[in-house]
Amino acid sequence: MVTPTDSSDTLITLPPPTRVSQSTPNPTTIPMELDLLSPTKSPPPVVPKLLREASDITWLESLESKKGQVELVRRRGRYRLLHQQQFKNSLLAGVGYLELANAGDFAANVWNEIPVPKFAAVLMGIGGTLALGMVLVVIHDFRLSWINVKLLRAERDHLKRLRQYHDKNADMTRLIDSRLGVGVREIGTEVIDRIVMDVLMGLGSLLVGVGTLMAIGGANPHVYKASNLLSGYIGNSLAAIFGLFNAIWSGYLLYRFHVHDAAVFAREPSDDIRRRLHTRVRRFQWHAGVNGLNGLVAGAASMVTAERWWGYVVLIPCIVSLVMCNYFWRRKLGYDRPLLGHKSPTEIQVTPLIEDLHYVILMQRALADARHSLPQAIVQPDSLDSILHFIVRENMLDTYCESLARDKSTRHFLTAFPSLDTSPDQITISLDALLRLPPSHLDLLLEHAKKFLRTTGVRVFTHRERYLLELLGYAVCQDHQRGTTAIQDDTIEHT
């Protein structure tokens, strides 16, 4: 049994063999990485087929990055990734304040009189500017979310082609169906909770901002009327429309994860892995419930604020709630993960999901806890060559290059890489190129690589665990439903 770490996302123990569904895997399939356990710990037992029906392609995906090349482009004096290569937990913290921005018409609606009091005009200027400034935030968040959606749709199309190719392979179809099922939630979250929110709430913030600033010159009858419309019903109605969309999507998520939770508890609720899955599901349900209810209440309160000042009192807890939901998603629910590239169907192999889970858990523990370092067979802590090979092998080179570009102490290293003849602002970083840097850079690069593993590396494996947990929850639910259907069919036959 592995000792718990500080990460609340970490699974600890393997489940007991409660049920074996079609076949039991060969014990020799347990990866050598399980040797990460400390000498006083015994290796975990072989996991039953129950939780191994759906598997992940996580380590097959890493093959895509073993070419060890990342392209960066210089924009406004900073190097950035030329193309995003992973699904990103890129929700901006700023969009959590959208309700606050849409409440920027407070002064315009409360002191809706002529002449406008001077203190009210100042408040109108502040509120209107805040609302307009939020438009820039939602445009940026929309762009980040749209990139995620395009990547997820491309992956989904590829998974559907793979499923057709492997139609007679039961293990592979279970794997692909699980990934497609989780992909539905991922795309839905990006579209409803980000793109639709950014469009409707962002447009509403724009109208509210314009209407609030116009209220300063409300002495003109035409300006007064236009201001009342923009900062009143028209601007606030968009928030109400989004609240309705969001409530419907949140209701679907509540039902979806309720079904998952019931399936998980049907598989021996005392088991630690199932408790961890239960915690993950409950976090999704908490977020969906609070977010959906918050959208409905905030939308209704926004319509009330057009004529009643007390509507803003109702908005205060909604503003706080939206900020909390935004923070909770970014810190506890969202994740970055590798995407399945366009590999040949014959190259894809099934790897046990439960082994992937234990691998990422053990990697978190070894990287985060200085008392349990990685064995030298995996990475030598004082060897830059060994650490960089580990980073490439674990599909983290793009993330590592981003950290090089962000760190003030290492970003000047990037000027040592030759630019492309066809694009002077574009460079290609490879494993060999990093190791060929001048000797004066290597010591600093080694320290940066160690720090990267202790910080960003732990986060990478934590995010992968979150995805694998959701994938496992969906797989257990599908297995439970198939088992229930089989029992019902058998009962019908006997009757």
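As named in an unreviewed UniProt entry, the protein chain is Integral membrane protein, taken from Penicillium coprophilum.

Participant: Looking at this model, I keep getting lost on the overall build of the protein chain. Mind explaining?
Facilitator: In terms of helices and strands, the protein chain carries 13 helices and five strands. For the protein chain, the residues scored as buried account for 54% of the 495 residues in total. If you take every contact in the protein chain between residues at least 6 apart in sequence, the share linking residues at least 24 apart comes to 82%. Surface exposure of the protein chain reaches about 22800 Å², of which carbon and sulfur atoms provide 60%.

Participant: I would appreciate a short explanation of the UniProt feature "transmembrane region" (unreviewed entry) in the protein chain in the present structure.
Facilitator: In the numbering used here, UniProt assigns the "transmembrane region" (unreviewed entry) feature to residues 119–139, 195–217, 237–255, 284–303 and 309–329. Secondary structure over residues 284–303 splits into 100% helix and 0% strand, and the C-alpha atoms at its two ends are 29 Å apart. Secondary structure over residues 309–329 splits into 90% helix and 0% strand, and the C-alpha atoms at its two ends are 31 Å apart.

Participant: I tried to follow the sheet that holds strand β1 (residues 69–75) on my own but got confused; where do I start?
Facilitator: What links the strands of a sheet is backbone hydrogen bonding, and the strands pair in either a parallel or an antiparallel sense. The strand order β2-β1-β5 describes an open sheet built from three strands, whose pairing is antiparallel. The two strands at the open ends of the sheet, each matched to only one other strand, are β2 (78–81) and β5 (426–430). Taking each pair of neighbouring strands and ignoring which way they run, the sheet shows an average axis angle of 35°.

Participant: So what exactly am I meant to see when it comes to helix α11 (residues 397–406) here?
Facilitator: Given 3.6 residues per turn, any residue in an α-helix points the same way as the ones three and four places further on. Most of α11 sits out of view: eight of its ten residues are buried. Residues Leu397, Asp398, Thr399, Tyr400, Cys401, Ser403, Leu404 and Ala405 constitute the buried set of α11.

Participant: Help me understand the pattern of salt bridges, please; the structure alone is not making it clear to me.
Facilitator: When charged atoms on two side chains of opposite charge get close, those side chains can pair. Evaluation of the coordinates by the stated rule reveals 15 salt bridges. For Arg459, the salt bridge is made with Asp336, and the minimal N-O distance between the two is 3.5 Å. With Arg459 in helix α13 (residues 439–494) and Asp336 in the loop between α8 (311–333) and β4 (337–338), the pair connects residues that are 123 residues apart, well separated along the chain. In this structure Arg459 comes out as partly exposed when scored by relative accessible area, which is 33%. Of the charged contacts, one joins Asp382 and Lys450 as a salt bridge, the two residues approaching to 2.9 Å between their closest N and O atoms. Placement of the pair is Asp382 in the loop between α9 (353–368) and α10 (384–393) and Lys450 in helix α13, with a sequence separation of 68 residues. Several salt bridges converge on common partners, so that one network encompasses Glu155, Arg179, Glu186 and Arg337.

Participant: What is the right way to read a positive patch on the surface from this model?
Facilitator: On the surface, Arg75, Arg76, Arg80 and Arg143 cluster together into a patch of positive charge. Mapped onto the fold, Arg75 is located in strand β1.

Participant: Explain the pairing of β1 here, please?
Facilitator: The side chains of a regular strand alternate between the sheet's two faces. As paired strands, β1 and β5 are joined by five bridges and run antiparallel to one another. Each residue of the ladder has a partner; that of Val73, found in β5, is Gln426. Pairing of β1 with β2 involves four bridges; the strand directions are antiparallel. Opposite Leu72, over in β2, you have Leu81 as the bridge partner. Between the end of β1 and the start of β2, which pair antiparallel, lie two residues, with Arg76 showing a positive phi angle near 55°.

Participant: Got a minute to help me understand the environment of Ala120 in this structure?
Facilitator: Among the structural elements, Ala120 can be located in helix α4 (residues 118–165). Aside from chain neighbours lying at most four places away, what touches Ala120 is Ala107 and Trp111.

Participant: What is the right way to look at the packing of helix α5 (residues 170–214) against helix α6 (residues 221–265) in this model?
Facilitator: When two helices pack together, you describe them by how their axes are tilted relative to each other and by the distance separating the axes. Running from amino to carboxyl end, α5 crosses α6 at an angle of 165°, the nearest separation of the two axes being 7 Å. The angle between α5 and α6 places the two elements in the roughly antiparallel class. Taken as a pair, α5 and α6 cross one another with a handedness that is left-handed. Taken together, the residues that form the contact of α5 with α6 break down as 25 nonpolar, eleven polar and three charged.

Participant: Mind showing me how you'd approach empty space enclosed by the protein here?
Facilitator: Empty space among the atoms becomes visible once a probe the size of a water molecule is rolled across them. Counted by the stated rule, this structure contains ten cavities of 30 Å³ or more. Taken as a whole, the largest cavity spans an internal volume of roughly 340 Å³. Leu91, Asp193, Arg194, His287 and Asn291 are the residues nearest the centre of the largest cavity, which is lined by 28 residues in total. Contributing elements (two or more residues each) for the lining of the largest cavity: α5, α6, α7 (272–304) and α8. Of the residues belonging to the lining of the largest cavity, the class tally is ten nonpolar, twelve polar and six charged.

Participant: How should the packing of aromatic side chains be read in this particular structure?
Facilitator: Two numbers describe a pair of aromatic rings. These are the distance of the centres and the angle of the planes. One pass over the structure, following the stated rule, counts eleven aromatic pairs. Seen in terms of ring centroids, Phe106 and Trp111 are 5.8 Å apart; in terms of plane orientation they differ by 85°. Their pairing is edge-to-face. Through pairs of rings, three or more aromatic residues link up here, namely Phe106, Trp111, Phe119 and Tyr312. The ring of Tyr467 carries the charged tip of Arg337 above its face, separated from the ring centre by 4.5 Å.

Participant: I would appreciate a short explanation of the nonpolar core in the present structure.
Facilitator: In a soluble, globular protein the nonpolar side chains are often hidden away together inside. Formed by 59 residues in total, the largest nonpolar core has its most connected members in Leu72, Tyr400 and Leu434. It is α13 that contributes the most residues to this core, 15 residues altogether. Residues within four places of Leu72 in sequence aside, it is in contact with Tyr79, Arg80, Leu81, Leu82, Cys401, Leu414, Asp425, Gln426, Ile427 and Ile429. Counting 28 residues, the second largest nonpolar core, distinct from the first, contains Leu98, Ile192, Phe257 and Leu322.

Participant: Before we go on, may I ask you to explain the side chain of Arg466 in this structure?
Facilitator: Assignment of secondary structure puts Arg466 in helix α13. Judged by relative accessible area, which is 5%, Arg466 ranks as buried. One polar contact links the side chain of Arg466 to the main-chain carbonyl oxygen of Gly334, over a distance of 2.7 Å.

Conventions used here
- Residues numbered from 1 in each chain as written.
- Predicted model: local features only at pLDDT ≥ 70, side-chain atom pairs only at ≥ 80, totals over all residues.
- Heavy atoms only, no water.
- Helix = DSSP H or I, 4+ residues; strand = E, 2+ residues; numbered from the N terminus.
- Buried < 20%, exposed > 50% of the residue type's maximum accessible area, 1.4 Å probe, protein only.
- Contact = heavy atoms within 4.5 Å.
- Areas by Shrake-Rupley, 256 points an atom, 1.4 Å probe, with all protein chains shown as cover.
- UniProt positions renumbered as here; feature names shortened; annotations may be inferred.
- Pairing = 2+ DSSP bridges.
- Axes fitted to C-alpha atoms, helices over the stretch in contact; angles between N-to-C directions.
- Salt bridge = Lys/Arg side-chain N within 4 Å of Asp/Glu carboxyl O.
- Patch = residues over 30% accessible without salt bridge, like charges linked within 9 Å, V, L, I, M, F, W, Y side chains within 5 Å.
- Lys, Arg positive; Asp, Glu negative; His and termini not counted.
- Charge placed at Lys NZ, Arg CZ, Asp CG, Glu CD.
- Parallel < 35°, antiparallel > 145°, perpendicular 65-115°, else oblique.
- Left-handed = near helix turned anticlockwise from the far one by under 90°.
- Nonpolar A, V, L, I, M, F, W, Y, C, P; charged D, E, K, R; others polar.
- 1 Å grid on protein atoms, 1.4 Å probe; cavity = no way out; pocket = protein on both sides within 12 Å on 5 of 7 lines; lining within 4 Å.
- Points joined across faces, edges and corners; volume = space filled by probe spheres on them.
- Phe/Tyr/Trp six-rings, centres within 6.5 Å; stacked < 30°, edge-to-face > 60°.
- Lys NZ or Arg CZ within 6 Å of the ring centre and 35° of its normal.
- Core = buried A, V, L, I, M, F, W, Y, C linked by side-chain atoms within 4.5 Å.
- Polar contact = N/O pair within 3.5 Å; in protein donor to acceptor, adjacent residues only side chain to side chain.

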